[in-house]
Amino acid sequence: LVEETWDAYSKAFAPVPHRICYAVKANGNGAILRLLAERGAGADIVSGGELLAALRAGFPPERIVFAGVGKTDEELVLGLEKGIGEFNAESEDEIVRLGAAAEARGRQARVSLRVNPDIDPGTHPYISTGLREAKFGVPIARAGDILRRARQRPGIRVVGAQCHLGSQIMDLAPLGDAARALADLSRKLLDVGFDLETFDLGGGLGVDYEGGTTASPSALAEVVLPAIEGLPLTLVLEPGRSLVAGAGVMLTRVLYVKENEGRRFVIVDAGMNDLLRPALYQAHHRVEPVAPRGGPAVVADVVGPVCETGDFLARGREIERPEPGDLLAVRDTGAYGFAMSSRYNLRPRAAEVMLEGGGMRLIRRRETFEDLVRTEV
């Protein structure tokens, strides 16, 4: 499924020069990264750790884009020394720091400025990143002045502009608006002598976690390509969730079933430390028995063992009546599942298994208590 979705993106945008950079934050397992690197993907990274993971997996440095609002000096230097394709700068201060670091090392940093077009993507407030109150980017109206100053710095090579409206976008209209706004900015910059190379529209498509259909990469292309017609630039996209979410399933075992004041609880051995999205965003994930019996359905909260009332995987969900020992499948957990998991309550993180070519293989072993305390001094 990961390969099929990647191929769909690549085919949809084949009419223009393009680079599809996988958002490593969605799922940074080395097996997934190697799979996409071998397919020709680039990498969208937001930390020094993700940069090292991308290089380890075989992504060529020139296909790596370094995003993120809070890059440290050490991370800026690491990106410079590794020769990455470009930095998506989020502020003028970042450009100043990056330029000084590059000049001190006799290098030139390739920079694309992230702009904030103040377009509402219609998604959860926590993952809306293009609104004026968001911490990301700079106001699009200020971009020209910032970039004019940036190109005066010997250590900076301005290569483009970038925006990213947010994650889990289901309506393509805001992405079309963003493409037009960014295209207008890019044309103005080209007209005043900027030697731009890229046009970076940020993340990809949302996912219907209730099992319905979602917009395809070709539908996204139909919205984006007309907006950039005639621009002599390479289109960069940074999809993550849409590439890997549907490929992941979390298995959890029923421990107990109980009722409190008429409310039924299905208590399972996976919790918010394993899958944070329901607790953090009230996100919906389908929960299904692995081996259905065809019995009656009940309405229940599927909850975990973590000592928080917010530790739930589903609330008020209709589910075939489970029994202790049953295995349940939590669907569409391939994105921001393991990536956001933690060791809260000193609970070891889960194993990961990849299904490919009709077989399966372990790609991450289950953690042990020794792993949890290994870094203690």
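Since the structure is predicted, the reported quantities are computational estimates derived from the model, not experimental observations.

A. View of the overall build of the protein chain. Helix and strand content of the protein chain: 11 helices and 17 strands. What you see for the protein chain is a C-alpha radius of gyration of 22 Å, in line with the 21 Å of a compact globule of 377 residues. Its C-alpha atoms give the protein chain principal-axis dimensions of about 70 × 50 × 40 Å. If you take every contact in the protein chain between residues at least 6 apart in sequence, the share linking residues at least 24 apart comes to 66%. A total accessible area of about 17400 Å² is found for the protein chain, and carbon and sulfur atoms account for 50% of it.

B. A look at helix α4 (residues 73-82). Along α4, the positions that sit buried rather than exposed are Glu75, Leu76, Val77, Leu78, Gly79 and Leu80. Here the buried face of α4 lies against α3 (48-57), β3 (64-66), β4 (86-89), α5 (92-104) and β5 (109-116). Phi turns positive, to about 70°, at glycine 83, one or two residues after α4.

C. Structural view of a nonpolar patch on the surface. Among the surface-exposed residues, Val249, Leu251, Val290 and Leu327 lie close enough to one another that they form a single nonpolar patch of about 330 Å² accessible area. Its place among the elements puts valine 290 in the loop between β12 (287-289) and β13 (297-303). In this structure valine 290 comes out as partly exposed when scored by relative accessible area, which is 45%.

D. Seen up close, the pairing of strand β17 (residues 359-364). Bridging between strand β16 (residues 352-356) and β17 involves 5 bridges; their strand directions are antiparallel. Each residue of the ladder has a partner; that of valine 353, found in β17, is leucine 362. Connecting the antiparallel pair β16 and β17 is a turn made up of 2 residues, with glycine 357 showing a positive phi of about 55°.

E. Focus on the packing of helix α1 (residues 2-12) against helix α8 (residues 217-224). It is at 8 Å that the axes of α1 and α8 come closest, and there the two elements cross at 25°. Comparing the axis directions of α1 and α8 gives the class roughly parallel. In this structure, α1 meets α8 at a crossing whose hand is right-handed. On α8, the residues that touch Ala8, Tyr9 and Ala12 of α1 are Pro217, Ser218, Leu220 and Ala221. The class makeup of the residues in the contact of α1 with α8 is 6 nonpolar, 1 polar and no charged.

F. Main features of the nonpolar core. Counting 82 residues, the largest nonpolar core has Phe13, Tyr22, Phe59, Phe199, Leu201 and Leu220 as the members making the most contacts within it. For this core, the element with the highest residue contribution is helix α7 (residues 173-191), accounting for 7 residues. Residues in contact with phenylalanine 199, not counting those within four places in the same chain, are Ala161, Ala179, Leu182, Ala183, Ser186, Ile228, Leu231, Leu233, Thr234, Leu235 and Val236. Of all hydrophobic cores here, the second largest spans 15 residues; its members include Leu313, Ala314, Ile319 and Leu328.

G. Spatial organisation of the side chain of glutamate 75. Along the chain, glutamate 75 turns up in helix α4. Despite its burial, glutamate 75 remains without a salt bridge, the nearest opposite charge being carried by lysine 71 at 7.8 Å. Setting aside residues up to four positions removed in sequence, glutamate 75 forms contacts with Ser47, Gly48, Phe66 and Gly70.

H. Quick look at the side chain of aspartate 44. Mapped onto the elements of the fold, aspartate 44 is located in strand β2 (residues 42-45). Using a relative accessible area of 2% as the deciding quantity, one classes aspartate 44 as buried. Aside from chain neighbours lying at most four places away, what touches aspartate 44 is Cys21, Tyr22, Ala23, Val24, Lys25, Glu50, Val65, Ala67 and Glu238.

Parameters at a glance
Residues numbered from 1 in each chain as written. Predicted model: local features only at pLDDT ≥ 70, side-chain atom pairs only at ≥ 80, totals over all residues. Heavy atoms only, no water. Helix = DSSP H or I, 4+ residues; strand = E, 2+ residues; numbered from the N terminus. Rg over C-alpha atoms; globule rule 2.2 N^0.38 Å. Contact = heavy atoms within 4.5 Å. Areas by Shrake-Rupley, 256 points an atom, 1.4 Å probe, with all protein chains shown as cover. Buried < 20%, exposed > 50% of the residue type's maximum accessible area, 1.4 Å probe, protein only. Patch = residues over 30% accessible without salt bridge, like charges linked within 9 Å, V, L, I, M, F, W, Y side chains within 5 Å. Salt bridge = Lys/Arg side-chain N within 4 Å of Asp/Glu carboxyl O. Pairing = 2+ DSSP bridges. Axes fitted to C-alpha atoms, helices over the stretch in contact; angles between N-to-C directions. Parallel < 35°, antiparallel > 145°, perpendicular 65-115°, else oblique. Left-handed = near helix turned anticlockwise from the far one by under 90°. Nonpolar A, V, L, I, M, F, W, Y, C, P; charged D, E, K, R; others polar. Core = buried A, V, L, I, M, F, W, Y, C linked by side-chain atoms within 4.5 Å. Lys, Arg positive; Asp, Glu negative; His and termini not counted.

All quantities given are derived from atomic positions and should not be read as evidence of function.
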